[in-house]
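# Chains, contacts and geometry: an overview
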Amino acid sequence: MNRCRFLPLDKLFPTILLLCIFFAPAPAFAHHLYVFAYVSGGDIVVQASFGHNRPDVGGEVSVKSGAGKLLFQGKTDGRGMLRFPRPQLPPNETVKITVSGGAGHQGVWTMTPADLGNDSAATEVPAESKSAIQPAHHSSPPALSEEEQKYLARLVSDAVAREIEPLKAMMARQMDSGPSLRNIIGGIGWLVGIGGLAAAWASRKKQR
Amino acid sequence: MHISEGILSLPILAAGGTLAIIGTAIGLKHIDTDHIIETSLLSSAFFVASLAHIPVGPGSVHLVLNGLVGIILGWASVPAIAIALFLQALLFGFGGLTVLGVNTVIMAGPAVAVYYLFGPMIRKGGRSRALGAFCAGMVAILLSTCLLALVLVGTDRSFLATARLLLAAQVPLMLLEGVITMFVVSFLARVQPELLNFADRVHP
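Only a predicted model underlies this, so the values are computations on that prediction, with no experimental measurement involved.

### Some thoughts on the overall build of chain A
Per the secondary structure count, chain A includes seven helices and seven strands. Helices (α) and strands (β) of chain A occur, in sequence order from the N terminus, as α-β-β-β-β-β-β-β-α-α-α-α-α-α. Out of the 208 residues belonging to chain A, those deemed buried represent 33%. Considering only contacts in chain A between residues 6 or more positions apart, those separated by 24 or more positions represent 56%. When the accessible surface of chain A is totalled, it reaches about 12600 Å², and 60% of it is carbon and sulfur.

Structure representation (structure tokens):
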């Protein structure tokens, strides 16, 4: 059996602790590929990063339907983003977006029909909610033609999309916050704890 | 250095898992019961090293420190690295549970290799110790990168271009890990030379 002469605990422990303190508070960069996607107007925007604003530049994006049909392929730009037209999909179809960061890194984001605005429950607007959406329809004076109403609806939808896009981008940034200090300290605790348990078990075995 | 879920083929995952289990079993037998805590502390060092990020070109690499863990722990580095990788997958989402075996082989295999390759040099002391430590840190990363490239190409030939790029991108990391390992070993040797007295290590 290999009886390793290890470093004495009193010297090793401070060294390891220093290593942990040195690395832990630094922005916890690492190679986990974070992928987030959202609908913006008629497009889908994909954002891929390695955490803490380290974009995955030139990441290969593959978009597949829930049934596995390839819908779109492309590469992320210098900001780790890719914008492509929202594919026409049957209601209740999901979209799986896979981003490959090379060197074995891969991240996946699945968009539900609700994320895509393609929910059959949402598209079939119930009668009462229709009236709730258009409360001024009966009373308001503008007698708009159907074409004008459609145009107006598109304008409003575009304006809302523009307004909420920064919010969605902000959510995307929050998604790539990387490992938290709590997880790092927790992991070290687990490792030392497991070692302690094993040592206690071994010493009890020895005593017997 | 961590391969994500859903990339590798089933035979490679199974082979990696089997090798990792065998390596872990051998490693556990090599842990002296009096030094379990030290093993877990070095496992912690490996666990946090992956969080230290170094920008290289458009991308980035992270420290691995498997060379350092390897020359101190020998075979015991396999369970130490396996458990750290398990917690990294669970807490940080690095790698994954199905690829745990393959990732363990990629990082712990070279650790054991450098223990045998450069252990005798480090035991000699003097300049050969510093050189041995540098080589251990560097070669561990080189071997890990080769294994990683091999596994990727073994799954899909289209990864060949990625594998070539990967080797080039890891060169700065190899040098850095060599320097860090040399610094740590030389520092420990100067402060308390008997700490690195590997002479009474019995090869299995």
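### Details of the packing of helix 2 (residues 36–49) of chain B against helix 4 (residues 77–91) of chain B
Helix-helix packing is described using two parameters, namely the angle between the two axes and the distance between the axes. All names here are of chain B. At a minimum axis separation of 9 Å, helix 2 and helix 4 run at an interaxial angle of 45°. Put simply, helix 2 runs oblique to helix 4. The crossing of helix 2 and helix 4 is right-handed. Judged by residue contacts, Thr39, Ser43, Phe46 and Phe47 of helix 2 engage Ala80, Ile81, Ile83, Ala84, Leu85, Leu87, Gln88 and Leu91 from helix 4. By residue class, the composition of the contact of helix 2 with helix 4 is nine nonpolar, three polar and no charged.

### Points about the packing of aromatic side chains
The final tally for this structure, using the stated rule, is seven aromatic pairs over all chains. Geometrically, the ring pair formed by Phe92(B) and Phe94(B) is tilted, given 5.1 Å between the ring centres and 55° between the ring planes. Ring pairing ties together the aromatic residues Phe36(A), Tyr38(A) and Trp109(A), which thus form one cluster.

### Things to note about the pattern of salt bridges
Residue and element names in this part refer to chain A. In this structure the tally under the stated criterion is two salt bridges over all chains. Put simply, Asp43 and Arg83 hold a salt bridge, and the shortest N to O gap is 3.3 Å. With Asp43 in strand 2 (residues 43–49) and Arg83 in strand 5 (residues 81–85), the pair connects residues that are 40 residues apart, well separated along the chain. The class for Arg83 is partly exposed, based on a relative accessible area of 42%. Residues Asp77 and Arg79 are paired through a salt bridge, measuring 3.6 Å at the closest nitrogen-oxygen approach. The exposure class assigned to Arg79 is exposed, which follows from its relative accessible area of 57%.

### With respect to the sheet that holds strand 5 of chain A
Residue and element names in this part refer to chain A. Ordered by their spatial adjacency, three strands build an open sheet running 1-2-5, and the pairing between neighbours is antiparallel. Strand pairing shows two members of the sheet lacking a second neighbour, strand 1 (34–40) and strand 5, which therefore form its edges. Neighbour to neighbour, the strand axes of the sheet diverge by 20° on average, direction disregarded. One ladder, built from seven bridges, connects strand 1 with strand 2; its direction is antiparallel. Within strand 2, the residue paired with Tyr38 across the bridge is Val45.

### Topic: the nonpolar core
If you look at the biggest cluster of nonpolar residues, it comprises 64 residues, and the most contacted ones within it are Ile3(B) and Leu8(B). The dominant element in this core, judged by the number of residues it contributes, is helix 5 (residues 100–124) of chain B, at ten residues. The residues touching Leu8(B), leaving out its near neighbours within four places in the chain, are Ile3(B), Leu13(B), Val99(B), Val102(B), Val151(B), Leu152(B) and Thr155(B). Counting residues in each nonpolar core, the second largest holds 18 residues, with Val35(A), Ile44(A), Leu82(A) and Leu89(A) among its members.

### Considerations on the packing of helix 5 of chain B against helix 6 (residues 126–155) of chain B
Residues and elements named next belong to chain B. Packing of helix 5 against helix 6 brings their axes to within 8 Å, and their N-to-C directions diverge by 160°. As summarised for this structure, helix 5 and helix 6 are arranged roughly antiparallel, according to the angle between their axes. Every pair of crossing elements has a handedness; the one defined by helix 5 and helix 6 is right-handed. The class makeup of the residues in the contact of helix 5 with helix 6 is 20 nonpolar, four polar and two charged.

### Description of the environment of Asn92(A)
Residue and element names in this part refer to chain A. Note that Asn92 resides in the loop between strand 5 and strand 6 (95–102). Since its relative accessible area comes to 46%, Asn92 is described here as partly exposed. Between the alpha carbons of Asn92 and Pro113 there is a distance of 5.1 Å; along the sequence they are 21 residues apart.

### Section: the pairing of strand 1 of chain A
Residues and elements named next belong to chain A. With seven of seven residues buried, strand 1 is to be regarded as a mostly interior element. Where burial is concerned, the two faces of strand 1 agree: the one with Tyr34, Phe36, Tyr38 and Ser40 and the one with Val35, Ala37 and Val39 are both buried. Here strand 1 folds back onto strand 2, and the loop between the two strands holds two residues, one of which, Gly41, carries a positive phi near 60°.

### Focus on a nonpolar patch on the surface
A grouping of Leu144(A), Tyr151(A), Leu152(A), Leu155(A), Val156(A), Val160(A), Ile164(A), Leu167(A) and Met170(A) is seen on the molecular surface, where their side chains present a nonpolar patch of about 780 Å² in accessible area. Tracing the chain through its elements places Tyr151(A) in helix 6 (residues 146–175).

### Looking at the confidence of the model for chain A
On average, chain A scores 73 in pLDDT, and the residues at 70 or more come to 68%. Scored below 50 in pLDDT, residues 1–7 of chain A makes 29 contacts in the model with residues more than four places away or belonging to other chains.

What counts and what doesn't
Throughout this description, residue numbers start from 1 for each chain and increase along the sequence as written. The naming scheme follows written order: chains are lettered A onward, ligands numbered 1 onward. Residue-level local features of this predicted model are given only where pLDDT is at least 70; pairs of side-chain atoms are given and counted only at 80 or more, and the full residue set underlies all totals for whole chains, interfaces and linings. Note that water and hydrogens are dropped before the side-chain values are worked out from all heavy atoms of the structure. A run of H or I in DSSP counts as a helix once it spans at least four residues, and a run of E counts as a strand once it spans at least two, with each numbered from the N terminus. Only protein chains enter the accessibility calculation, which uses a 1.4 Å probe. A residue is then buried if its area is under 20% of the maximum for its type, exposed if over 50%, and partly exposed in between. Between two residues, a contact is recorded if the distance between any of their heavy atoms is within 4.5 Å. Where accessible areas are quoted, they stem from the Shrake-Rupley method and a 1.4 Å probe; at the residue level, only the protein chains shown are allowed to cover. Here the axes come from fitting lines to C-alpha atoms, over the contacting stretch only for helices, and the angles between their N-to-C directions go from 0 to 180 degrees. Every angle not falling under 35 degrees, over 145, or within 65 to 115 is termed oblique; those three ranges are roughly parallel, roughly antiparallel and roughly perpendicular. Here a crossing is called left-handed whenever its near helix is offset anticlockwise from the far helix by less than a right angle, and right-handed whenever the offset is clockwise. For this classification, Asp, Glu, Lys and Arg are treated as charged, while Ala, Val, Leu, Ile, Met, Phe, Trp, Tyr, Cys and Pro are nonpolar and the rest, including Gly, are polar. Working definition: rings of Phe, Tyr and Trp (its six-membered ring) pair if their centres are within 6.5 Å, and the pair is stacked with planes under 30 degrees apart, edge-to-face with planes over 60 apart, and tilted otherwise. Put simply, a salt bridge is a Lys or Arg side-chain nitrogen that is within 4 Å of an Asp or Glu carboxyl oxygen. Each pair of strands is called paired provided DSSP finds at least two bridges between the two strands. The nonpolar core is taken to be a set of buried Ala, Val, Leu, Ile, Met, Phe, Trp, Tyr and Cys residues, with the residues joined through side-chain atoms within 4.5 Å. Exposure above 30% relative accessible area and the absence of a salt bridge qualify a residue for a patch, where like charges join within 9 Å and nonpolar side chains (Val, Leu, Ile, Met, Phe, Trp, Tyr) within 5 Å. Within a predicted model, pLDDT stands for the predictor's per-residue confidence, ranging from 0 to 100.

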